[in-house]
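A look at the structure
What follows is the residue order along each chain.
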Amino acid sequence: MSIDAATFTARISGGLIVSCQAYPGEAMRDPNTMAQVARAAVTGGAVAIRLQGTADIRAAVDLDVPVIGLWKDGDDGVFITPTLEHARAVADAGADVVALDGTRRPRPDGLTLAGTIAALRETHDVLVMADCGSLDDAIAAEEAGADLLGTTLAGYTGERRKTPGPDLELVAQVAARCTRPIIAEGRIHTPDAAAAAIEAGATAVCVGTAITHPSTITSWFVAALDARPASGHEGSA
Ligand SMILES: CC(=O)N[C@H](C=O)[C@@H](O)[C@H](O)[C@H](O)COP(=O)(O)O
């Protein structure tokens, strides 16, 4: 399905987008598994789903909420849908919105962000979400023609401190300077943090790890238990 920017924005406004991703080598790295997790998130009220990889996007074509698709190639530098070719493949797989690196860093194919978005639009009727790491990124991405601005890369590009929770200061800065809808994304680990991101000016929030990455969630609980002095009630043998 193709969806226009106004309709998409209305659908996600004030809502929760759930990012369903498993990383290379992980137990849940399987398109059908991710599609099932996505369906469960929709049951819980997700207004849109973010999926990584063309196979995962194709496996979730039956979702009745819009899909934000991306293709991570590597994990260093420009790796979120880094080239026009990646962006076209994500659109071909059926994503309604193509999320791509929205930073000002050089892209591996030598295109600018504006050139990438323009060329993608020549061949595909999709929206573009720019994953940004700073206010300057967001301003440049808006000028380049992005439909949506994400704070996805805040804390990962060297321009912003990696805050323990969401970078609410950046959300507020982007809201004050830019006109495109803002998706607050990155390290939103609690319902209160999600609400705070909307208060800071986000149009919608996107949560990944805290909902869909059981290994990390488990490690949070384990760390909390390990941090306690050894005094648990062990019962009698
Ligand atoms: C920086 C980067 O590579 N972010 C990725 C973007 O798709 C994902 O690994 C994150 O899980 C996603 O942004 C959601 O964030 P969080 O998992 O913190 O809720």
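Residues numbered from 1 in each chain as written. Predicted model: local features only at pLDDT ≥ 70, side-chain atom pairs only at ≥ 80, totals over all residues. Heavy atoms only, no water.

1. Notes on the sheet that holds strand β7 (residues 182-185)
In a beta sheet, neighbouring strands pair by backbone hydrogen bonds and run either parallel or antiparallel. To keep it simple, the criterion reads: The pairing criterion is simple: DSSP has to find at least two bridges between the two strands. Secondary structure counts use DSSP, requiring at least four H or I residues in a row for a helix and at least two E residues in a row for a strand, with both numbered from the N terminus. Helix axes use the C-alpha atoms of the stretch in contact, all axes being lines fitted to C-alpha atoms, and the angles between their N-to-C directions lie in the range 0 to 180 degrees.
Reading around the circumference, β1-β2-β3-β4-β5-β6-β7-β8 is the order of the eight strands in this closed barrel, with parallel pairing throughout. Averaged over neighbouring strand pairs, the angle between their axes works out to 25 degrees when direction is ignored. Examined bridge by bridge, strand β1 (residues 16-20) and strand β2 (residues 48-52) share four bridges and lie parallel to one another. Across the sheet, cysteine 20 pairs through a bridge with leucine 51, a residue of β2.

2. With respect to unusual backbone geometry
One non-glycine residue with positive phi stands out, namely threonine 81, at about 40 degrees. Assignment of secondary structure puts threonine 81 in the loop between β3 (67-70) and α4 (84-92). One non-glycine residue with positive phi stands out, namely arginine 187, at about 60 degrees. Relative to the helices and strands, arginine 187 resides in the loop between β7 and α8 (191-200).

3. Focus: the pattern of salt bridges
Worth spelling out the cut-off: Throughout this description, the term salt bridge denotes a Lys or Arg side-chain nitrogen within 4 Å of a carboxyl oxygen of Asp or Glu. Type-normalised accessible area, obtained with a 1.4 Å probe on protein chains alone, sets the label of each residue: buried when under 20%, exposed when over 50%, and partly exposed for intermediate values.
All told, the structure shown has nine salt bridges when counted by the stated rule. Ionic pairing is found between arginine 50 and glutamate 185, a salt bridge with its closest N-O pair at 3.1 Å. Placement of the pair is arginine 50 in strand β2 and glutamate 185 in strand β7, with a sequence separation of 135 residues. In this structure, arginine 50 and glutamate 185 share a single accessibility class: buried. Each of Arg50, Asp131 and Glu185 takes part in a single network of salt bridges with overlapping partners.

4. Notes on the site of the ligand
Inclusion rule: Here a residue is near a molecule or strand as soon as one of its heavy atoms is found within 4 Å of it. Polar contacts, as used here, are pairs of N or O atoms within 3.5 Å; protein pairs need one atom able to donate a hydrogen and one able to accept it. Residues neighboring in sequence count only if both atoms are side-chain atoms. In these tables, accessible area is a Shrake-Rupley quantity obtained with a 1.4 Å probe, and a residue counts as shielded only by the protein chains included in the view. The classification used treats Ala, Val, Leu, Ile, Met, Phe, Trp, Tyr, Cys and Pro as nonpolar, Asp, Glu, Lys and Arg as charged, and all other residues, Gly among them, as polar.
Taken together, 16 residues surround the ligand, and among them Tyr23, Lys72, Glu185, Arg187 and Thr209 come closest. In this structure, an oxygen atom belonging to the ligand sits 2.7 Å away from a side-chain N or O atom of tyrosine 23. Lysine 72 is positioned with one of its side-chain polar atoms (N or O) 2.7 Å from an oxygen atom of the ligand. Compared with its free state, where it exposes 450 Å², the ligand has 91% of that area covered by protein. Across the shell around the ligand, the residue classes break down as seven nonpolar, five polar and four charged.

5. With respect to the packing of helix α6 (residues 135-144) against helix α7 (residues 168-177)
Two numbers describe a pair of packed helices, the interaxial angle and the distance between the axes. To be explicit about the condition: Each crossing gets its hand from how the near helix is turned against the far one by less than a right angle, where anticlockwise is left-handed and clockwise is right-handed. Note on contacts: a residue pair is in contact if any heavy atoms of the two residues lie within 4.5 Å.
Two elements in contact, α6 and α7, have axes separated by 9 Å at closest approach and are oriented at 35 degrees. Taken as a pair, α6 and α7 cross one another with a handedness that is right-handed. Where α6 abuts α7, its residues Leu135, Ala138 and Ile139 lie against Leu170, Gln173, Val174 and Arg177. In terms of residue class, the contact of α6 with α7 is built from five nonpolar, one polar and one charged.

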